[in-house]
Amino acid sequence: MKPVFGIDITKNKNNTEINGKIFITKTISEESEKRLDKDAEDFEETMEKSKLPLWIRVVKSICLCFGMIVIAAVIRAGIQNALQNAPWLIIAGIVCLIIGIILQIWASKKSKAVFEAPSTQAQERSMQNTTQALYDELGVPLDAVSVDVLLFQYTCKNGNIKPKIPPFQSTPYFNLDMKLYRRDNFLCLADLTAEYSFPFSSLKAIRTVNKRISVPSWNKEEASNEGIYKPYKITVNNIGDCFFKPYHILEIEHEAEIWEITFPCYELPHFEQITDLRAECEK
């Protein structure tokens, strides 16, 4: 079995190409790709402007962490005992906590000011226009539904796939926002650069994997604990990772080989509806 949106780093740790390039049926022009890269660079600059300088962010984190540790220690020891045994430590903890809170408020105000600025609003509109133009170029229908598809690096040994966590990340999986739709007798998935097409006759099954995994962020407009997503009991940790269980795999047969498209549990209704397949429980 081979993941369509998987990157095999078994022999080459620096590999960046996804396996499923053979399923690409359309790509955007070179000019459009340059425009997309420019928008991404502009957005990255805006993100940096919205943050405090790195050294201040480090100070903020250290102050908040130290302050919380001291407060927790005082609670465990009792205020009277703590004041008798380590009064200066308590003072230092309170001062650090206050500094950390002030810096956090400053960070929030700066971020809000940057994202509410007219220039940022204009940039967002430009990105939305670019996004729609790219989908139009690929011929993505207006009623196509947005779904998360899981992209990940992995190693393979004796036919067993093991997802690997990239450097500076906390999870091997990345939730790639794609458009899901039908074109003639093909199931199609499209990102901003390419369309992937799979004959409906090649779709074999949807398999359920009852394991808890996570993605590094939430990219839906509706909150992960509200509306249609509330029943899935998605949890978020303190660094923004979103955890859910189970996940699913759409199996595709191509040239006598089984390929897989992995997606989160909250996207199952969309895949079941368009494929007319029903998820099978893990055996």
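All figures in this text were calculated on a predicted structure; none of them were measured in a lab. All residue numbers refer to position in the chain's written sequence, counted from 1. Local features in a predicted model are, by the rule used here, given only for residues with pLDDT of at least 70; side-chain atom pairs are given and counted only at 80 or more, and totals for whole chains, interfaces and linings are based on all residues. To obtain the side-chain values, all non-hydrogen atoms of the structure were included, while hydrogens and water were left out.

Chemist: Can you help me understand the overall build of the protein chain in this one?
Modeler: Counting secondary structure elements, the protein chain contains six helices and 15 strands. To get the radius of gyration, use the C-alpha atoms; to get the globule rule, take the number of residues to the power 0.38 and multiply by 2.2 Å. Taking 2.2 N^0.38 as the reference for a compact globule, 283 residues should give roughly 19 Å; the C-alpha atoms of the protein chain span a radius of gyration of 24 Å, well beyond that estimate. Between buried and exposed lies partly exposed: a residue is buried under 20% and exposed over 50% of the maximum accessible area for its type, with that area taken using a 1.4 Å probe on protein chains only. Put simply, the protein chain has 283 residues, and 38% of those count as buried. In the protein chain, of all internal contacts separated by at least 6 residues, the share reaching a separation of at least 24 is 68%. Summed over its atoms, the accessible surface of the protein chain is roughly 17200 Å², and 57% of this surface lies on carbon and sulfur atoms. None of His or the chain ends enter the tally, which takes Lys and Arg as positive and Asp and Glu as negative. Where a charge sits is defined by one atom per residue type, namely NZ (Lys), CZ (Arg), CG (Asp) or CD (Glu). Put simply, the protein chain has 33 plus and 36 minus side-chain charges, and the middle of one group is 8 Å from the middle of the other. Per the convention used, a helix needs a DSSP run of H or I reaching at least four residues, while a strand needs a run of E reaching at least two, with both numbered from the N terminus. Any two residues whose heavy atoms approach within 4.5 Å are treated as being in contact. Exposure was quantified through the Shrake-Rupley algorithm and a 1.4 Å probe, taking into account, for residues, occlusion by the shown protein chains and nothing else.

Chemist: Please clarify how the sheet that holds strand S14 (residues 257-264) should be interpreted in this entry.
Modeler: Backbone hydrogen bonds hold the strands of a sheet together, and the pairing may be parallel or antiparallel. Pairing is mixed across the open sheet formed by five strands, whose spatial order is S1-S14-S13-S9-S15. The outermost strands of the open sheet, each flanked by one partner alone, are strand S1 (2-3) and strand S15 (279-280). Bridging between strand S13 (residues 247-254) and S14 involves eight bridges; their strand directions are antiparallel. When the bridges of S14 are listed, histidine 254 appears paired with glutamate 257. Of the strands in this sheet, strand S9 (203-209), S13, S14 and S15 touch helix H6 (residues 268-275), which is tilted by about 160° from S9. Two strands qualify as a pair provided DSSP detects at least 2 bridges between them. Note on definitions: angles span 0 to 180 degrees between N-to-C directions of axes, and those axes are lines fitted to C-alpha atoms, for helices only across the stretch in contact.

Chemist: Sorry, what's going on with the packing of aromatic side chains here?
Modeler: Aromatic ring pairs are described here by two measures, namely the spacing of the ring centres and the angle between the planes. Aromatic contacts are taken between Phe, Tyr and Trp rings whose centres are within 6.5 Å, Trp giving its six-membered ring; a plane angle under 30 degrees counts as stacked, one over 60 as edge-to-face, and the others as tilted. One pass over the full model with this rule turns up 11 aromatic pairs. A network of ring pairs unites the aromatic residues Phe152, Tyr154, Tyr173 and Tyr247 as a single cluster. The ring of phenylalanine 200 carries the charged tip of arginine 182 above its face, separated from the ring centre by 4.0 Å. To sit over a ring, a charge needs its Lys NZ or Arg CZ within 6 Å of the ring centre and within 35 degrees of the ring normal.

Chemist: Help me understand the layout of surface pockets, please; the structure alone is not making it clear to me.
Modeler: Over the atoms, a rolled probe matching the size of one water molecule traces out where space is still vacant. Two kinds of site are reported from a 1 Å grid over the protein atoms alone, namely cavities, where a 1.4 Å probe fits but cannot get out, and pockets, open sets with protein on both sides within 12 Å along at least five of seven lines, and residues are called lining when an atom falls within 4 Å of a point. Grid points are joined across faces, edges and corners, and a volume is the space filled by probe spheres set on the points. Here the largest pocket is characterised by a volume of approximately 940 Å³. If you go around the largest pocket, you meet 17 residues; those closest to its centre are Tyr135, Asp177, Leu192, Asn219 and Lys220. Residue assignment for the lining of the largest pocket shows that the elements contributing at least two residues are helix H5 (118-138) and strand S6 (173-183). For the lining of the largest pocket, the element with the highest residue contribution is S6, accounting for five residues. Three residue categories are used. Nonpolar comprises Ala, Val, Leu, Ile, Met, Phe, Trp, Tyr, Cys and Pro, charged comprises Asp, Glu, Lys and Arg, and polar comprises the others, including Gly. Partitioning the lining of the largest pocket into residue classes produces five nonpolar, seven polar and five charged.

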